[in-house]
Amino acid sequence: MRESLGGYREYFHSIVGFFVIENHLLYTTNGLVSKVTLEEMWATSVEKVSNVLKTQTSYCTDSGLIQEIKRLIMLFSNTLTNYGYNISHLTQALLEIREHYTEVLTQRCFHEFQEIFKEDNYHPLQVVNLTEYASVVAAFPFKDPNLEKSAFPRRFPFSSMVPKVYKQVKEFVRSSLWYTEDLNLTQTKIDEMIQKSTNLLLTGTLSGCLTTLIQKPSVGLLELIQITLNTNYLECTNIYLEEFITSVTKSSVKDESYKAELQGKSMFKDARAEAEEQIYEKLKAKIDESFDLASYDWTLNEPEGRASDYIIDLVAFLQSTFLAFTNLPVI
């Protein structure tokens, strides 16, 4: 039953069939079935059913399948409610299954983030026509009047990971919100759930992926500089994500009775600080490497009259690197 929707259907059908027939006998026969006995049978059964559902769904790693299972549980619950059965155990089971559903969504995002970082070339995103430009600004909240007036090809200051990460977080919010539908939750409770899961995605999953990326030995200086720029633009999206949650939940994220906010700004600042530290370490390593290769004779009494080729190359490297630094945000 774990990975088969048909298995869940058969399971629910057998239970519904039994208790619907028993309910029918209760009201159409004289003493064949007692109400007390039927209620006791249901109380025992619904607790076992809830435990089975929580156990079986805990093995499911497909968010789409969990969505379908949730629909079946809702149909099962509504059907038995119409016959007067208490479904509080099933309601609680749905809330606990939601926690696993959120974990599955988070794991999916983890793989998506890794793929996004892998595919990025860490150069400014370039578009060659108006269609491509419109596609980027429609997916990511960025406005630059000077860029809008410039000729094609146009280059955004961030690389492709920025709009892709932003889009992935929004998809996570939508999928998380979908599960809360029809659960009779208060608006405040829904806000708390969505913000908690989104904060965990940002400060746990995305933060971890960024740290792994930044600490990769294969990531060079110029790539680290671009990543630093990217985190600055992602940090600015925090308010837009809050507004997005407000719009999809049809409530106010900053309601007077609910002060929680997304924690993306602090996370991206930490990631940027880590990237800057890696830039510093790689610069030091490059300088040390140049001096080690040159095998200088530090005991010369007089200079030979010209700079070493290693020094010339090192100065050229530092000039190009420091030029890239001019694009970094002023904090």
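Note that the structure is predicted; figures quoted are calculated from it, not measured.

**Considering the overall build of the chain**
The number of helices and strands found in the chain is 12 helices and 2 strands. Traced from its N-terminal end to its C-terminal end, the chain shows the element sequence α-α-α-α-β-α-α-β-α-α-α-α-α-α. Looking at the chain residue by residue over its 331 residues, the buried ones come to 40%. Looking at the chain alone, contacts between residues at least 24 apart form 78% of all its contacts between residues at least 6 apart. Only carbon and sulfur atoms are counted for the fraction: they give 53% of the accessible area of the chain, which is about 18,700 Å².

**Section: the packing of helix α9 (residues 221–236) against helix α10 (residues 238–249)**
A pair of packed helices is characterised by two quantities: the angle between their axes and the separation of those axes. Viewed as axis vectors pointing N to C, α9 and α10 meet at an angle of 35 degrees, and their least axial separation amounts to 4 Å. Taking contact as the criterion, the partners of Leu234, Glu235 and Cys236 in α9 are, on α10, Asn238, Ile239 and Tyr240. Residue composition of the contact of α9 with α10, by class: 4 nonpolar, 1 polar and 1 charged.

**Focus on the packing of aromatic side chains**
In the structure shown here, the tally under the stated rule is 16 aromatic pairs. Considering the side-chain rings of tryptophan 42 and tyrosine 85, the 5.0 Å spacing of their centres and the 45 degrees angle between planes classify their relative orientation as tilted. One end of the pair, tryptophan 42, is in helix α2 (residues 35–57); the other, tyrosine 85, is in the loop between α3 (63–82) and α4 (88–119), with 43 residues separating them in the sequence. Using a relative accessible area of 4% as the deciding quantity, one classes tryptophan 42 as buried. Taken together, a centroid distance of 5.3 Å and an interplanar angle of 90 degrees make the contact between phenylalanine 142 and phenylalanine 158 edge-to-face. In this pair, phenylalanine 142 is assigned in the loop between α5 (130–139) and α6 (145–149) and phenylalanine 158 in the loop between β2 (154–155) and α7 (161–180), connecting sequence segments 16 residues apart.

**Focus on the nonpolar core**
Phe76, Phe113, Phe117, Phe156 and Leu206 are the most contacted members of the largest nonpolar core, which has 81 residues in total. The contact partners of phenylalanine 113, leaving out residues within four places of it in the chain, are Val165, Gln168, Val169, Leu201, Thr205, Leu206 and Cys209.

**Considering the side chain of glutamine 226**
Turning to its location among the elements, glutamine 226 is positioned in helix α9. The class of glutamine 226 is buried, set by a relative accessible area of 5%. Those residues within four positions of glutamine 226 in sequence are excluded, and the remaining contacts are Tyr122, His123, Pro124, Pro157, Phe158 and Ser159.

**Re unusual backbone geometry**
Cis geometry is adopted by the peptide bond preceding proline 153, which originates at phenylalanine 152 and carries an omega value of 5 degrees. The residue proline 153 is located in the loop between α6 and β2 in this model. Non-glycine residue tyrosine 122 carries a positive phi angle of around 55 degrees. Topologically, tyrosine 122 is positioned in the loop between α4 and β1 (126–127). In this structure, asparagine 184 takes a positive phi of about 60 degrees despite not being glycine.

**As for the packing of α7 against α10**
For the pair α7 and α10, interaxial distance at closest approach is 11 Å and the crossing angle is 30 degrees. Taken together, the axes of α7 and α10 are roughly parallel relative to one another. In terms of crossing hand, the pair formed by α7 and α10 is right-handed. Listed contacts from α10 to Tyr166, Val169, Lys170, Val173, Arg174 and Leu177 of α7 are Tyr240, Leu241, Phe244, Ile245, Val248 and Thr249. When its residues are assigned to classes, the contact of α7 with α10 shows 9 nonpolar, 1 polar and 2 charged.

**A word on the side chain of threonine 198**
For threonine 198, the position within the fold is in helix α8 (residues 187–214). By relative accessible area, which is 1% here, threonine 198 ends up buried. Residues within four places of threonine 198 in sequence aside, it is in contact with Val169, Phe172, Val173, Ile245 and Leu262.

**Describing α9**
Between its first and last C-alpha atoms α9 spans 23 Å; for 16 residues at 1.5 Å apiece the expected length is 22 Å, and the two agree. Among the 16 residues of α9, 12 are classified as buried, and the element is accordingly described as predominantly covered. Among the residues making up α9, those that are buried are Leu221, Leu224, Ile225, Gln226, Ile227, Thr228, Leu229, Asn230, Thr231, Asn232, Leu234 and Glu235.

**A closer look at the state of the cysteines**
As used here, a disulfide is simply a covalent bond connecting the sulfur atoms of two cysteines. Taken as a whole and judged by the stated rule, the model has 0 disulfides. This cysteine, cysteine 109, is not joined by any disulfide, and cysteine 209 carries the nearest cysteine sulfur, 9.5 Å off.

**Observations regarding the confidence of the model for the chain**
Summarising the model, the chain shows a mean pLDDT of 87, and 86% of its residues fall at 70 or more. The least confident element of the chain, judged by mean pLDDT, is helix α12 (residues 309–325) at 68; the most confident is α4 at 96. Taken as a whole, residues 256–260 scores under 50 in pLDDT and shows 6 contacts with residues more than four places along the chain or in a different chain.

Cut-off values and rules
- Residues numbered from 1 in each chain as written.
- Predicted model: local features only at pLDDT ≥ 70, side-chain atom pairs only at ≥ 80, totals over all residues.
- Heavy atoms only, no water.
- Helix = DSSP H or I, 4+ residues; strand = E, 2+ residues; numbered from the N terminus.
- Buried < 20%, exposed > 50% of the residue type's maximum accessible area, 1.4 Å probe, protein only.
- Contact = heavy atoms within 4.5 Å.
- Areas by Shrake-Rupley, 256 points an atom, 1.4 Å probe, with all protein chains shown as cover.
- Axes fitted to C-alpha atoms, helices over the stretch in contact; angles between N-to-C directions.
- Nonpolar A, V, L, I, M, F, W, Y, C, P; charged D, E, K, R; others polar.
- Phe/Tyr/Trp six-rings, centres within 6.5 Å; stacked < 30°, edge-to-face > 60°.
- Core = buried A, V, L, I, M, F, W, Y, C linked by side-chain atoms within 4.5 Å.
- Parallel < 35°, antiparallel > 145°, perpendicular 65-115°, else oblique.
- Left-handed = near helix turned anticlockwise from the far one by under 90°.
- Expected span 1.5 Å × (residues − 1).
- Disulfide = S-S within 2.5 Å.
- pLDDT = per-residue confidence, 0-100.

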